[in-house]
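Chain by chain, the residues run as shown.
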Amino acid sequence: MIWVTWRQHRTQAAACFAIICVVAVLAVTLGLWMRTAFSDDGLPACLARSGGADCQGKIAGFVHKFTSATQLISVPLLAIPGFLGAITGPLLLGRELEQGTWRMAWSQTVPRTRWLTTKLVLVTGGLVIFGAAISALVSWYQAPLDQVSTRLQLSTYVTGGLVFTCSLLCAFGIGVLTGLLLRNTIGAMVVAYISWEIVGTPGILLSGPLHIPGPATMRLPCRDGCPGASAGSVLPATGHFGDQVLSVTRSGAQLIVSYLPAGRFWTLQFIAGGLYLLVGAAAVACAVWLLHRRTT
Amino acid sequence: MTEVQALRAEGLGKRYGHIWGLRDCTFTIPAGSVVGLVGPNGAGKTTMLALTVGLLAPTEGHVEVFGEPSRAHTAGTLARVSYLAQDHPMYGSFTVADMLHLGASMNPAWDRPLAEQRVDTLGIPLKRKIKALSGGQQAQVALTMALAKRAPLMVLDEPVASLDPIARLDFMRDIMAAAADKAITVIIASHVISELERLCDWLLVLTEGRLQLAGPIDDLRAGHRLLTVPRQTADADLPGTVIARDDSDRHSTVLVAADPPPQHPQWVVEPVSFEQLVLAYLRRRSAPDLVPAQKAAIG
């Protein structure tokens, strides 16, 4: 059964491996370049010395130079979970039903529960390895930039943590269900991808930028007559690089800063990842139940 | 040898939505039989076979294979039946070698030498993809898989439909050889009555979801007679049950189910051929409350 699963999914496995290789080459090149530039600019010493306050020009230059370069990798990766999951999911059941091969597959000496469990476990395992590898690469090359900017912006938030793998599994789960319901592989792929977007986009927005746990606020005394505090400064108004500032409003002699603290990254990742997994698992459970009901 | 029942169906029925694909089927087939399953398209043959294999669950009644209910769908049950589905579905992107590898990895009793030898004898290249094979070659690979599974019951749904006449003969010969050699039970659904006659010793006739006839062919032929009677003879005056009647100017040819054989000075009483028997039952109209059955599918 393990061999059969491998044989049926080896094309996707090869595609995943190719994607990992391409991302790895880009990530290592960019990562090394960034690390060299980071230390050549003397940023580690500056950060250690003053938290970045007295080398803002250099930091701004560094961030400016590498933000678009990293986005060249991370932005295309945004669509990968949806595409890969929506392609793999319908192949599991949808294609078997469309081509009638379920009649052959389920009349061998493997009970269909074991058949389905084996496939689900192995394909899920493969997807988890793929997702973890991509996220690890992104986190690695991103590390220097993370010290002087926030990880809570969309492209790094989605690719550099748990969300990437969880949304991939979500798309896969939806694909398994749409495959069973539509029995048309291509149609199921399209519907799965659209469903994934519908589920995912608000999910991401709510967990990240729209911040379900609610933003933190900070009141700062006005310096220099409060001329729009963070103008011209790369350091966030909170004084801490990882924070994502959402708004700064002036109230008398104080600035009210609404922001997402850097420390929320993993909390938000767990929430978003958990929601994705929940949707994916519900779709798979629904598919298993329907299959069971239709054939017994 | 004790009488083992290979297959036992009792009140077996399958409904698709509001339509009954199969209803009220009761029969028992002893082990070692070669069974022909005959019926027009949509009669419920595929449904009956899928129920036997356990791919579908019955709506009512039950079916047992060697004393075990089919729907249990455990590895033990699955090992007892090998199934060649209609249109011999296989993974098109697999090579022939891949399909045999699949058979080996999914079946503990897989007969590898048999599979490899058979494919080799047929001249089917192992490295070729299934989708690149001709329909006949695909059917042969599928049959090879069914044979190599080494199950005591083999269920074949229209296995020869895509074969040319010569390949059909060879194909049927291989099935017969396997049946005789390993003492397995075989059920073959087919439209080709002449081929079934040479092959089978048991017959099931199915029309519109109902079982019309079931039994050993010798017994069935012994229990039926073809009578030539004067045209004016009414059905009620004939012995047994009239299955088919064909009226010409002065005489009528009537197929009756009657045991012992009827005798009458004015009648010509002849034995029936296999084909006459099958065709008579296929033409026989069912009870009017039945509607044509659907093809088997999940849901």
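Residues numbered from 1 in each chain as written. Chains lettered and ligands numbered in written order. Predicted model: local features only at pLDDT ≥ 70, side-chain atom pairs only at ≥ 80, totals over all residues. Heavy atoms only, no water.

Q: Any chance you could explain the overall build of chain A here in plain terms?
A: When its secondary structure is counted, chain A shows eleven helices and three strands. Seen in sequence order, chain A has helices and strands lined up from the N terminus as α-α-α-α-α-α-α-α-α-α-β-β-β-α. Oriented by its inertia axes, the alpha-carbon framework of chain A measures out at about 80 × 40 × 25 Å. Sequence-distant contacts in chain A: of pairs separated by 6 or more residues, those separated by 24 or more amount to 79%. Approximately 12900 Å² of chain A is accessible, and the part contributed by carbon and sulfur atoms is 69%. (Helix = DSSP H or I, 4+ residues; strand = E, 2+ residues; numbered from the N terminus. Contact = heavy atoms within 4.5 Å. Areas by Shrake-Rupley, 256 points an atom, 1.4 Å probe, with all protein chains shown as cover.)

Q: Looking at this structure, how should I read the confidence of the model for chain B?
A: Close inspection of predicted coordinates is inappropriate in any region flagged by low pLDDT. All names here are of chain B. Taken over all residues, the pLDDT of chain B has a mean of 85, while the share at 70 or more is 93%. Within chain B, the lowest mean pLDDT, 82, falls on helix H6 (residues 165-182), and the highest, 95, falls on helix H3 (residues 96-106). Predicted confidence is poor over residues 287-299, with pLDDT under 50, and the contacts of this stretch with residues over four places away or in other chains come to 30 contacts. What the predictor reports for the complex is a pTM of 0.86 with an ipTM of 0.84. (pLDDT = per-residue confidence, 0-100.)

Q: Would you take a moment to explain the sheet that holds strand E3 (residues 254-260) of chain A for this structure?
A: The strands making up a sheet associate through hydrogen bonds between their backbones, and the pairing can be parallel or antiparallel. Residues and elements named next belong to chain A. Taken in spatial order, the three strands of this open sheet run E1-E3-E2, and their pairing is antiparallel. On the outer flanks of this sheet lie strand E1 (216-221) and strand E2 (244-251), each paired with one strand and no other. Within the sheet, the average angular offset between the axes of one strand and its neighbour, ignoring direction, is 25 degrees. (Pairing = 2+ DSSP bridges. Axes fitted to C-alpha atoms, helices over the stretch in contact; angles between N-to-C directions.)

Q: Would you explain a nonpolar patch on the surface in this entry?
A: A surface patch of nonpolar side chains, about 400 Å² in accessible area, is lined by A:Ile186, A:Val190, A:Ile194 and A:Ile198. Residue position: A:Ile198 is located in helix H10 (residues 185-207). (Patch = residues over 30% accessible without salt bridge, like charges linked within 9 Å, V, L, I, M, F, W, Y side chains within 5 Å. Salt bridge = Lys/Arg side-chain N within 4 Å of Asp/Glu carboxyl O.)

Q: I tried to follow the domain arrangement of chain B on my own but got confused; where do I start?
A: Where interface size is given, it is often the accessible area lost as the parts come together that is meant. When the domains of chain B are assigned, the result is domain 1 (5-218) and domain 2 (223-298). Each of domain 1 of chain B and domain 2 of chain B has a C-alpha centre, and the two are 30 Å apart. (Domains from an automatic or database assignment.)

Q: What should I look at first to understand the side chain of A:Gln142 in this one?
A: All names here are of chain A. The topology assignment puts Gln142 in helix H7 (residues 112-148). Given a relative accessible area of 3%, Gln142 falls into the buried group. What Gln142 contacts, discounting residues up to four positions off in sequence, is Met34, Thr70 and Thr156. (Buried < 20%, exposed > 50% of the residue type's maximum accessible area, 1.4 Å probe, protein only.)

Q: What should I look at first to understand the interface of chain A and chain B in this one?
A: Counting residues at the interface gives 26 residues for chain A, matched by 34 residues for chain B. Buried area between chain A and chain B, summed over both chains or domains, comes out near 2700 Å², and the portion from carbon and sulfur atoms is 63%. At the junction of chain A with chain B, the criterion picks out one salt bridge. B:Asp98 is paired through a salt bridge with A:Arg7; the nearest N and O atoms lie 2.7 Å apart. Seen at the junction of chain A and chain B, the total is ten residue pairs in polar contact (both at pLDDT 80 or more). Secondary structure elements with two or more residues in the side of chain A that touches chain B: helix H1 (2-40), helix H5 (94-99), helix H6 (102-105), H7 and helix H11 (265-295) of chain A. (Buried area = accessible area lost by both parts, 1.4 Å probe. Polar contact = N/O pair within 3.5 Å; in protein donor to acceptor, adjacent residues only side chain to side chain.)

Q: I would appreciate a short explanation of the state of the cysteines in the present structure.
A: In a disulfide, the sulfur atoms of two cysteines are covalently bonded to one another. Residues and elements named next belong to chain B. Counted under the stated rule, the structure contains zero disulfides over all chains. Cys25 provides the cysteine sulfur closest to Cys200, a residue in no disulfide bond, and the two sulfurs are 18 Å apart. Cys200 gets classed as buried once you look at its relative accessible area, which sits at 10%. (Disulfide = S-S within 2.5 Å.)

Q: Teacher, can you tell me more about the sheet that holds strand E6 (residues 81-84) of chain B here?
A: Residue and element names in this part refer to chain B. The mixed open sheet is built from six strands, whose spatial order is E6-E7-E8-E3-E9-E10. At either end of the open sheet lies a strand with only one pairing partner, and these are E6 and strand E10 (210-216). Pairs of neighbouring strands in the sheet enclose a mean axial angle of 15 degrees, with direction left out of account. Strands in contact with H6 are strand E3 (34-38), E6, strand E7 (153-157) and strand E8 (185-189); relative to E8, the strand with the most contacts, it is inclined by about 155 degrees. Contacting E3, strand E9 (202-207) and E10, helix H9 (residues 274-283) crosses the sheet at an angle of about 25 degrees to E9.

Q: How should empty space enclosed by the protein be read in this particular structure?
A: Left-over empty space is what a probe sized like a water molecule reveals as it rolls over the atoms. Counted by the stated rule, this structure contains two cavities of 30 Å³ or more. Size it by volume and the largest cavity reaches roughly 130 Å³. Of all the secondary-structure elements, those providing two or more residues to the lining of the largest cavity are E6 and helix H5 (135-148) of chain B. Classifying every residue of the lining of the largest cavity by side-chain character gives nine nonpolar, four polar and one charged. If you add up the space inside the second largest cavity, you get close to 40 Å³. Every residue lining the second largest cavity is listed: A:Thr67, A:Thr70, A:Gln71, A:Ser74, A:Gln142, A:Leu145, A:Gln153, A:Ser155 and A:Thr156. (1 Å grid on protein atoms, 1.4 Å probe; cavity = no way out; pocket = protein on both sides within 12 Å on 5 of 7 lines; lining within 4 Å. Points joined across faces, edges and corners; volume = space filled by probe spheres on them. Nonpolar A, V, L, I, M, F, W, Y, C, P; charged D, E, K, R; others polar.)

Q: Help me understand the pairing of strand E12 (residues 241-247) of chain B, please; the structure alone is not making it clear to me.
A: Every other side chain in a regular strand lies on the same face of the sheet, so the side chains alternate between the two faces. All names here are of chain B. Pairing of E12 with strand E13 (residues 251-257) involves six bridges; the strand directions are antiparallel. Considered in E13, the bridge of Asp246 is made with Thr253. A loop of three residues connects E12 with E13, the two strands running antiparallel in sequence.

Q: Can you walk me through the packing of helix H3 (residues 56-77) of chain A against H7(A) in this structure?
A: For any two helices packed against each other, one specifies the crossing angle of their axes together with the interaxial distance. All names here are of chain A. Interaxial distance between H3 and H7 falls to 9 Å at its minimum, and their mutual angle equals 160 degrees. Between H3 and H7, the angle is such that the two are roughly antiparallel. The handedness of the crossing between H3 and H7 is left-handed. Across the interface between the two elements, Ile59, Phe62, Val63, Phe66, Thr67, Thr70, Ile73, Ser74 and Leu77 of H3 pack against Ile134, Val138, Tyr141, Gln142, Pro144, Leu145 and Val148 of H7. Residue composition of the contact of H3 with H7, by class: twelve nonpolar, four polar and no charged. (Parallel < 35°, antiparallel > 145°, perpendicular 65-115°, else oblique. Left-handed = near helix turned anticlockwise from the far one by under 90°.)

Q: Please explain the packing of aromatic side chains as it appears in this structure.
A: Each aromatic ring pair is specified by the distance between its two centres and by the angle formed by the two planes. By the definition in use, this model includes twelve aromatic pairs over all chains. Summarising the aromatic geometry, the rings of A:Phe265 and A:Trp266 are spaced 5.1 Å apart at their centres and angled 90 degrees between planes, so their arrangement reads as edge-to-face. Among the residues examined, A:Phe265 registers a relative accessible area of 3% and is labelled buried. Its relative accessible area of 41% is what places A:Trp266 among the partly exposed residues. With 4.9 Å between their ring centres and 45 degrees between their planes, B:Tyr91 and B:Phe94 make a pair best called tilted. The burial state of B:Tyr91 is the same as that of B:Phe94; both residues are buried. Grouping aromatic residues by their ring pairs yields a cluster made of A:Trp33, A:Phe38, A:Phe62 and A:Phe66. (Phe/Tyr/Trp six-rings, centres within 6.5 Å; stacked < 30°, edge-to-face > 60°.)

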